[in-house]
Each structure stands twice: as structure tokens, then as C-alpha cells.
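# Fold and contact review
Each chain, written out:
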Amino acid sequence: MEFNSKNRRLGVLTVLAIIIYIALILSSFFSGIDDFMLGFEEGSKKSTSMKEGKIQTKNLTTVYFLDLKAKPGYSTFPDSISNMKGNGKIAIRYDKAQAHYNDFTEKVANRSFYDTSQIILSLLTLVIIAMIPVFFIKLNVRLKKELVFDKRNIKNMRCIGVLLLLYYLVSFLQNWVVYSMNIQVFEFRDYVIQFEQADLIWVLLGVVVLLFAEVLSRGSQLKEEQELTI
Amino acid sequence: MPIIINLDVMMAKRKISLNELSERIGITPTNLSILKTGKAKAIRFSTLEMICKELDCQPGDILEWDGKTSEEEQ
């Protein structure tokens, strides 16, 4: 009876973790879907124009995604926007912006390096996102078989921890590449381009999982000692 | 390991096999073999008591401390 209820609890927690993980991935995907579609559309327009030999350079633009901070201080509102529910224009400042820039006629130095880096880092991100649930499921399969303090479980947990830390590192590098590109191309009168920090929660998660792996490792040692006590 | 198990010596003296001893003291032959070959991490007093009772010996006849190995390990 106790075994069944433990298994049920484990099953419920596993399903919950998988649902939350999928929700996290999907929410990231959907929050960036507009940006993705915009970039995809721009890229395919460029590619079509080039293939048809109709290179209209004035119409070829690249979308740049910018994190901004208003100069000179935190209370500055350098722009305005129309408020349909109120009176005319209101003062505003932007934190994020999309800029259309014609980088075909005005070549951007190291553009190919930045593009290649972005592709490699994006692929790495995909690999990491795919590998984490694989190790998680392997861990759960062994836990369901009552193999808790097992060397393979410790290895799987360590892999998950390292992958989470790697995810933060890759996000950081991606943001650095984007920032390096943006400051090369733009300089605004009223805004400073910001470097977007990667989410530190991934570091915390990675460290916590590695900590649990150490606890499991200690448990495994105790289990071995207990088994070899005659 | 600095603690040496002389169980095989005592078993030879009393002319008793591993399987017979394990049956008498209620421990599996596997576990007794682990003890005999020095791979055990610890021994319960209850187990030691049963072994000494069956082999009619003292704990010191079964367990021996090797000072040299202990110093090397340190």
C-alpha cells in the first residue's frame, strides 16, 4: 500500500514537472513568436529578391531587437505615444524596440561572424532543451524501480545540473552577441542600448540540482556501508 | 584495511565449511564470504557473538589489527 502511494506521488510529481517544463518552453516560444515571424519574413523576402535577381537594396532590411534605457536618468520620457482613451499624446519611454535597418547597402563589419555564432548558439540551446527531459525521464524510470541511491541516478542528476548551467552560459553568450551587433550598428540620441542579462534562475536551478546529486552520492555511500555491514 | 579478518583460519581449525557455518549462524553464504574476504565495512556485535559461539573462540581470534597498514593509509 505504502509502495503504491509513494509510486503515485512520484508519478504525479513527474507529470507535474514535465507539464511545467513544456509550459516554460512554450511560453518562451510564444512570447518570441512575433519576433521570430518578423525575422523569418524579412529573411525570406531578402532571399526571394536575391534569387529573382531583383535586388532592391533600398527595400532590404534586417530586424534588430534592442534593449533600451532612456538617457540621462530613470525619470526621463523622451518619446510620446497617442492614448486613445485619454487626451492626445502622453510621454513614454521604451525598454525594448525592433529596428528595421538597411544593412545591405551599409555593410556591417563581422556580420557573418555574428550570424554564424547565433546559429551555433541557437542549435546548442535546442540540444540542451532536448537533453534535459531525457535525463529527467531516465532518472524517474530508475526511481520508480526503487533504485534511489544508484550511481546512474547520481550521474543523471549531475548531467541535468550541468545542462542547466550550460543553458545560462549559452543564453549569456547569445545576448552578448546580439548586444555587440547592436552597438556596432546603432547609437541613439535619447537611449542607451542595454546588455540583456540572462536569467540567473537557471544558475540557481543548476546549482541546486548539483547539490542534490552530492546528497544522493553521500546517500549511496551510506547505503553501500550499510549493505556491507554483516 | 588495517583490521584483518582471520575467519578462514578459525574455520580451518574447527574444520567447518562456509556453507555450514552460514547455516548455523543464519547469515547468507554471500555475506559470510564478504566478511571472510575482508570486504565488509562493519560487523554487528550480534553477528560476532554468533560466530564466536559456533567456532568456540574469542573476538580477538577472528579480528586482528595491522598497525603498519593503518600508518600507511594515514
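Shown above is the structure to which this text applies.
We now turn to the structure provided with this report. (Residues numbered from 1 in each chain as written. Chains lettered and ligands numbered in written order. Predicted model: local features only at pLDDT ≥ 70, side-chain atom pairs only at ≥ 80, totals over all residues. Heavy atoms only, no water.)

For chain B, the helix and strand inventory stands at 6 helices and 2 strands. Here chain B has a C-alpha radius of gyration of 12 Å; the compact-globule value for 74 residues is 11 Å, and the two agree. Seen along its three principal axes, the alpha-carbon backbone of chain B occupies a region of about 40 × 20 × 20 Å. Within chain B, contacts between residues separated by at least 24 positions form 63% of all contacts whose residues are at least 6 apart in sequence. (Helix = DSSP H or I, 4+ residues; strand = E, 2+ residues; numbered from the N terminus. Rg over C-alpha atoms; globule rule 2.2 N^0.38 Å. Contact = heavy atoms within 4.5 Å.)

Residues and elements named next belong to chain B. Scanning the model with the defined rule gives 0 disulfides over all chains in all. Left unpaired, Cys57 is separated from the closest cysteine sulfur, that of Cys52, by 4.4 Å. A residue is classified by how much of its surface remains accessible, and Cys57, at 10% relative accessible area, is buried. (Disulfide = S-S within 2.5 Å. Buried < 20%, exposed > 50% of the residue type's maximum accessible area, 1.4 Å probe, protein only.)

Residue and element names in this part refer to chain A. One pass over the full model with this rule turns up 7 aromatic pairs over all chains. A ring pair is formed by Tyr167 and Trp202, whose centres lie 4.8 Å apart and whose planes are at 70 degrees; its orientation type is edge-to-face. Of this pair, Tyr167 sits in helix α4 (residues 151-185) while Trp202 sits in helix α5 (residues 201-227); the two residues are 35 residues apart in sequence, bridging distant segments of the chain. Aromatic side chains Tyr179 and Phe195 sit 5.7 Å apart centroid to centroid with 75 degrees between the ring planes, which places their arrangement in the edge-to-face category. Of the two residues, Tyr179 sits in helix α4 while Phe195 sits in the loop between β5 (191-193) and α5, which places them 16 residues apart along the sequence. By relative accessible area, which is 23% here, Phe195 ends up partly exposed. Among the aromatic residues, ring-to-ring pairing joins Tyr168, Phe172, Tyr179 and Phe195 into one connected group. Its end group placed over the ring of Phe77, Arg93 keeps NZ or CZ at 5.2 Å from the ring centre. (Phe/Tyr/Trp six-rings, centres within 6.5 Å; stacked < 30°, edge-to-face > 60°. Lys NZ or Arg CZ within 6 Å of the ring centre and 35° of its normal.)

Here we take up the sheet that holds β5(A). Residues and elements named next belong to chain A. The 3 strands lie next to each other as β4-β1-β5, forming an open sheet whose pairing is antiparallel. The sheet terminates laterally at β4 (96-101) and β5, the two strands that pair on one side only. Taking each pair of neighbouring strands and ignoring which way they run, the sheet shows an average axis angle of 50 degrees. Looking at chain direction, strand β1 (residues 62-70) and β4 are connected through 6 bridges and run antiparallel. Its bridge partner being in β4, Asp67 is matched across the sheet by Lys96. Strands β1, β4 and β5 of the sheet are contacted by α4, whose axis makes an angle of about 85 degrees with β1. (Pairing = 2+ DSSP bridges. Axes fitted to C-alpha atoms, helices over the stretch in contact; angles between N-to-C directions.)

Further remarks concern the pairing of strand β2 (residues 79-82) of chain A. Residues and elements named next belong to chain A. Pairing between β2 and strand β3 (residues 89-92): 4 bridges, direction antiparallel. By the bridge assignment for β3, Asp79 is matched with Ile92. In this antiparallel pair of consecutive strands, β2 and β3, the connection spans 6 residues, and Gly88 shows a positive phi of 55 degrees.

One non-glycine residue, A:Glu146, lies in positive phi territory at about 65 degrees. With respect to the helices, strands and loops of the structure, A:Glu146 is situated in the loop between α3 (111-144) and α4. Classification of A:Glu146 by relative accessible area gives partly exposed; the value is 46%. Its identity is not glycine, yet B:Lys15 carries a phi of approximately 55 degrees, on the positive side. Position of B:Lys15 relative to the elements: it lies in the loop between α1 (7-14) and α2 (18-25).

Bringing the nonpolar core into the picture now. Membership of the largest hydrophobic core comes to 26 residues, with the highest contact counts inside it found for A:Tyr64, A:Leu66, A:Ile128, A:Leu164, A:Val185 and A:Phe186. Broken down by secondary-structure element, the contributors of at least two residues to this core are β1, β4, α3, α4, β5 and α5 of chain A. With 9 residues, the single largest contributor to this core is α4(A). Counting residues in each nonpolar core, the second largest holds 20 residues, with B:Ile5, B:Met11, B:Ile34 and B:Ala40 among its members. (Core = buried A, V, L, I, M, F, W, Y, C linked by side-chain atoms within 4.5 Å.)

Once that is clear, we can look at the interface of chain A and chain B. Counting residues at the interface gives 5 residues for chain A, matched by 11 residues for chain B. Together, the buried faces of chain A and chain B total about 720 Å²; carbon and sulfur atoms form 65% of this surface. When residues of chain A are sorted by the area they lose upon contact with chain B, A:Leu228, A:Thr229 and A:Ile230 head the list and together hold 85% of the total. Our enumeration of links across chain A and chain B arrives at 0 salt bridges. Seen at the junction of chain A and chain B, the total is 6 residue pairs in polar contact (both at pLDDT 80 or more). Here the side of chain A that touches chain B is built from residues that sort into 2 nonpolar, 1 polar and 2 charged. (Buried area = accessible area lost by both parts, 1.4 Å probe. Salt bridge = Lys/Arg side-chain N within 4 Å of Asp/Glu carboxyl O. Polar contact = N/O pair within 3.5 Å; in protein donor to acceptor, adjacent residues only side chain to side chain. Nonpolar A, V, L, I, M, F, W, Y, C, P; charged D, E, K, R; others polar.)

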